[in-house]
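Fold and contact review
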Amino acid sequence: MALRARALYDFRSENPGEISLREHEVLSLCSEQDIEGWLEGVNSRGDRGLFPASYVQVLRAPAAEPPPPARYANLPAGGFEPPEPCPPPAAALPPPFAYQHSQGSDDDWDDDWDDSSTVADEPGALSGSYPDYEAAGGGASGRYRVSTRSELSLGSRGAGAHPPGHSQPPGGGAKSSATVSRNLNRFSTFVKSGGEAFVLGEASGFVKDGDKLCVVLGPRGPEWQENPYPFQCSIEDPTKQTKFKGMKSYIAYKLVPSHTGQQVHRRYKHFDWLYGRLAEKFPVISVPHLPEKQATGRFEEDFISKRRKGLAWWMDHMCSHPVLAQCDAFQHFLTCPSTDEKAWKQGKRKAEKDEMVGANFFLTISVPMGPGASLDLQEVESQVDGFKAFTKKMDESALQLNHTANEFARKQVTGFKKEYQKVGHSFKCLSQAFELDQQAFSAGLNQAIAFTAEAYDAIGDLFADQPRQDLDPVMDLLALYQGHLANFPDIIHVQKGALTKVKESKRHVEEGKMELQKAEGIQERCNIISFATLAEINHFHKIRVRDFKSQMQHFLQQQIIFFQKVTQKLEEALHKYDSV
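Source: prediction; values computed, not measured.

What counts and how
Residues numbered from 1 in each chain as written. Predicted model: local features only at pLDDT ≥ 70, side-chain atom pairs only at ≥ 80, totals over all residues. Heavy atoms only, no water. Helix = DSSP H or I, 4+ residues; strand = E, 2+ residues; numbered from the N terminus. Expected span 1.5 Å × (residues − 1). Buried < 20%, exposed > 50% of the residue type's maximum accessible area, 1.4 Å probe, protein only. Arc of directions from axis to C-beta. Contact = heavy atoms within 4.5 Å. Salt bridge = Lys/Arg side-chain N within 4 Å of Asp/Glu carboxyl O. Core = buried A, V, L, I, M, F, W, Y, C linked by side-chain atoms within 4.5 Å. Domains from an automatic or database assignment. Axes fitted to C-alpha atoms, helices over the stretch in contact; angles between N-to-C directions. Left-handed = near helix turned anticlockwise from the far one by under 90°. Nonpolar A, V, L, I, M, F, W, Y, C, P; charged D, E, K, R; others polar. Pairing = 2+ DSSP bridges. 1 Å grid on protein atoms, 1.4 Å probe; cavity = no way out; pocket = protein on both sides within 12 Å on 5 of 7 lines; lining within 4 Å. Points joined across faces, edges and corners; volume = space filled by probe spheres on them. Phe/Tyr/Trp six-rings, centres within 6.5 Å; stacked < 30°, edge-to-face > 60°. Lys NZ or Arg CZ within 6 Å of the ring centre and 35° of its normal.

Now for helix α8 (residues 341-352). Between the first and last C-alpha of α8 there are 16 Å, a value that for 12 residues agrees with the 16 Å anticipated at 1.5 Å per step. Taken together, the buried positions of α8 are occupied by Trp 344, Gly 347 and Ala 351. One side of α8 holds all its buried residues, which, seen down the axis, span an arc of 70 degrees. Exposed residues pointing more than 90 degrees away from the buried face of α8 are listed as Lys 342 and Lys 350. Residues of α8 that are buried sit in contact with β10 (264-267), α5 (268-281) and α7 (328-335).

Structure follows, in structure tokens:
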């Protein structure tokens with residue numbers, strides 16, 4: 001007979017792989033053997049996953065006892081029994097490392113944006129490596145200081161937490177004893193980014209004036225303070241170079257920043273290093289993705305040209321971002337002389353030893369202060385949810401447009417060219433047939449038809465060349481924005497996680513378990529994350545409008561030029577018949 005258990009307390013799932021329980025609910029167990037304090041089973045709603053072993057009581061009914069009817073699955077067999085005392089305080093349960101979902105893939109967007117979770121779910125949250133877990137607070141020293149004095153009191157749900165609605169052990173009723181729980185999932189972006197440690201007040205560090213990132217209130221709400229010295233950077237002349245006496249080849253790109261005028265050469269690996277540093281340092285900023293790597297054909301002309309265009313878009317977005325453009329690592333990348341290997345390595349080490357990462361990064365954010373500057377967290381949540389719906393729809397439409405444009409370009413390069421040239425060949429055959437008539441009065445007609453054949457052949461070539469002028473730039477832009485759209489789930493996850501901590505602290509205050517001052521500190525730090533998130537959302541919309549306006553204008557202009565060329569070819573052919 002299948003093993004069953006009854007829930008002694010309510011349990012709310014907060015992470016992928018967990019399932020929620022209701023008090024007195026009967027569950028089916030996959031195994032009676034717990035895994036580091038967790039059991040796996042199926043609840044009455046058919047959800048399969050993990051839950052704390054201390055929250056349930058295994059039912060050991062006689063072997064002949066039939067299973068209860070499905071509609072009564074939530075009722076305990078043999079009547080209700082009083083719940084056991086709360087589980088005694090113990091160390092927080094570690095995350096279920098090896099657990100895999102048995103209900104399909106978590107790659108689906110809707111699963112990643114499950115609104116029923118108290119902390120925003122995150123794609124791939126259960127994947128990772130043990131060193132990441134340790135650096136995030138699981139045992140080894142990370143990049144930010146973790147407060148050891150509150151580690152026990154901040155134990156997360158599970159064996160060390162008291163189910164809501166049940167009394168604490170004797171001696172635990174002091175008003176300040178309750179604390180906001182830590183996430184069980186130590187692979188969560190909210191945890192790995194340092195957002196959780198910052199919100200819980202564990203970050204500490206000295207912020208220099210040059211490291212401060214200012215958010216200001218603009219006409220559309222919070223915005224990043226504009227770069228007082230804006231600049232652009234061109235990427236030109238990709239050239240093949242060698243090292244180790246020709247044994248190793250690579251492509252170098254010439255960069256010319258407008259604020260220095262001094263050219264430097266960078267390889268793709270330098271771009272890749274910079275992207276990695278920026279993505280780690282700025283958890284609430286969408287760092288644009290680089291063009292994809294390619295193992296073969298790296299030195300083919302078409303690939304080099306396509307990568308250069310992708311890098312040019314990437315560079316434009318980097319220079320346009322008020323925060324990224326002024327980052328020390330980016331400035332080092334743009335200005336360090338290509339021939340000064342020592343200076344490059346020194347700047348590289350400095351960037352890699354940056355202390356303003358993780359929880360300390362959030363200390364660098366300066367937000368508006370004073371009356372009217374505070375954000376309404378309910379309104380912030382509504383705005384973020386609206387943006388989440390927007391990005392989902394934009395991602396779907398971008399994928400559709402990219403597929404349509406790619407298919408149309410393929411037809412132009414192959415099908416349309418072939419069909420127009422087939423028509424031209426047919427006219428040519430007709431012209432050759434008419435040439436068999438040697439009478440002088442038909443010579444003009446023969447030449448006109450032959451010219452018409454050449455016109456259609458040329459129109460076929462115009463169709464084949466046209467995608468490079470109009471559709472390819474559109475697809476390059478879509479690729480860049482698909483990278484941005486892939487960044488925002490993690491950014492919103494950090495903000496949602498902070499909001500959850502605020503709600504939890506407010507609940508503790510209402511229950512008289514937490515001091516108001518402590519809860520206000522959590523809300524103030526959440527306010528900083530909310531300001532930064534909204535500033536990044538506003539920057540995204542601002543740049544999006546600029547880019548798509550420019551690109552659609554370019555697309556339509558190229559379409560007009562294309563059809564003017566086609567019209568010109570047809571008019572030239574038409575005029576040949578005037579003298580017949």
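All right, on to unusual backbone geometry then. Positive phi values are uncommon outside glycine, yet His 24 reaches one of about 75 degrees. By secondary structure assignment, the location of His 24 is in the loop between β1 (4-7) and β2 (26-29). Positioned with a positive phi, Asp 237 is a non-glycine residue whose angle comes to about 45 degrees. Tracing the backbone through its elements, the reader meets Asp 237 in strand β8 (residues 233-243).

All right, on to the pattern of salt bridges then. Opposite charge on two side chains allows them to pair when their charged atoms are near. Across all of its chains, the model carries 20 salt bridges by this definition. The partner of Glu 280 in a salt bridge is Arg 277, and the shortest N-O contact between them spans 3.0 Å. Placement of the pair is Glu 280 and Arg 277 together in helix α5, with a separation of 3 residues, close to one helical turn. Here Glu 280 falls in the partly exposed class, since its relative accessible area comes to 36%. Linked by salt bridges that have partners in common, Glu 381, Asp 385, Lys 496 and Lys 503 make up one network.

Among the nonpolar cores identified, the biggest contains 80 residues, and Leu 255, Phe 271, Phe 282, Met 315, Phe 330 and Phe 333 are the most heavily contacted of them. Counting contributing residues per domain, this core is built from domain 2 (223-366) and domain 3 (377-576), each supplying no fewer than three. When sequence neighbours within four positions are dropped, the list of residues in contact with Phe 333 reads Leu 255, Val 264, Arg 266, His 270, Phe 271, Leu 274, Met 315 and Trp 344. One finds Ala 7, Leu 8, Leu 27 and Leu 39 within the second-largest nonpolar core, a separate group that totals 15 residues.

On to the packing of helix α10 (residues 377-434) against helix α13 (residues 516-575), then. When two helices pack together, their arrangement is given by the angle between the helix axes and by the axis-to-axis distance. The interhelical angle for the contact between α10 and α13, taken along N-to-C directions, is 35 degrees, at an axis separation of 11 Å. As α10 packs across α13, the resulting crossing turns out to be left-handed. Residues Leu 377, Val 380, Gln 383, Val 384, Phe 387, Phe 390 and Met 394 of α10 touch α13, and the partners they reach there are Gln 523, Cys 526, Asn 527, Ser 530, Leu 534, Ile 537, Phe 540, His 541, Arg 544 and Phe 548. Looking at the contact of α10 with α13, its residues break down into 11 nonpolar, 5 polar and 1 charged.

This brings us to the sheet that holds β8. Judged by pairing direction, the sheet is antiparallel, and its 3 strands sit side by side in the order β8-β9-β10 without closing on themselves. Looking at the sheet topology across the chains shown, the edges are occupied by β8 and β10. Neighbour to neighbour, the strand axes of the sheet diverge by 35 degrees on average, direction disregarded. Where strand β9 (residues 248-257) and β10 come together, 4 bridges link them in antiparallel fashion. Paired with Ala 252 across the strands is Arg 267, a residue of β10. Against the sheet, helix α6 (residues 301-320) makes contact with β8 and β9, and its axis sits at roughly 135 degrees relative to β8, the strand it touches most.

This model, assessed by the stated rule, comprises 4 cavities of 30 Å³ or more. Approximately 90 Å³ is the volume attributed to the largest cavity. When residues of the lining of the largest cavity are traced back to their parent elements, those giving at least two are α6, α12 (471-510) and α13. In terms of residues, the lining of the largest cavity owes the most to one element, α13, which gives 4 residues. Lining the lining of the largest cavity are residues from two domains, each supplying at least three of them: domain 2 (223-366) and domain 3 (377-576). Looking at the second largest cavity, its volume works out to about 70 Å³. Taken together, Arg 220, Glu 223, Trp 224, Glu 226, Pro 322, Ala 535, Asn 538, His 539 and Lys 542 make up the full set of residues lining the second largest cavity. For the lining of the second largest cavity, the secondary-structure elements that each account for two or more residues are β7 (221-224) and α13. Residue contributions to the lining of the second largest cavity peak at 4 residues, all from α13.

All right, on to the packing of aromatic side chains then. Overall, the coordinates contain 24 aromatic pairs when judged by the stated rule. Ring geometry for Phe 387 versus Phe 488: centroids 4.8 Å apart, planes at 75 degrees, classification edge-to-face. One end of the pair, Phe 387, is in helix α10; the other, Phe 488, is in helix α12, with 101 residues separating them in the sequence. Here Phe 387 falls in the buried class, since its relative accessible area comes to 3%. Cluster of aromatic residues (ring-pair linked, three or more members): Phe 408, Phe 416, Tyr 420, Phe 427, Tyr 456, Phe 463, Phe 562 and Phe 563. Positioned above the aromatic ring of Phe 333 is the side chain of Arg 266, whose terminal nitrogen or guanidinium carbon lies 5.6 Å from the ring centre. We note Lys 576 situated over the ring of Phe 451; from NZ or CZ to the ring centre the distance is 4.8 Å.

Turning to the environment of Gln 558, a few remarks are in order. As for its placement among the helices and strands, Gln 558 is situated in helix α13. Among the residues examined, Gln 558 registers a relative accessible area of 16% and is labelled buried. Not counting chain neighbours up to four residues away, the residues in contact with Gln 558 comprise Gln 466, Gln 469 and Asp 470.

Attention shifts here to the sheet that holds strand β4 (residues 48-52). Reading across the sheet, the 5 strands line up as β4-β3-β2-β1-β5 and stay open at both edges, with antiparallel pairing between neighbours. Edge positions in the open sheet fall to β4 and β5 (56-59), since each of these has one partner strand only. With direction set aside, neighbouring strand axes in the sheet form an average angle of 45 degrees. When β2 meets strand β3 (residues 38-42), the two strands line up antiparallel, connected through 2 bridges. Within β3, the position partnered with Leu 29 by the bridge is Gly 41.

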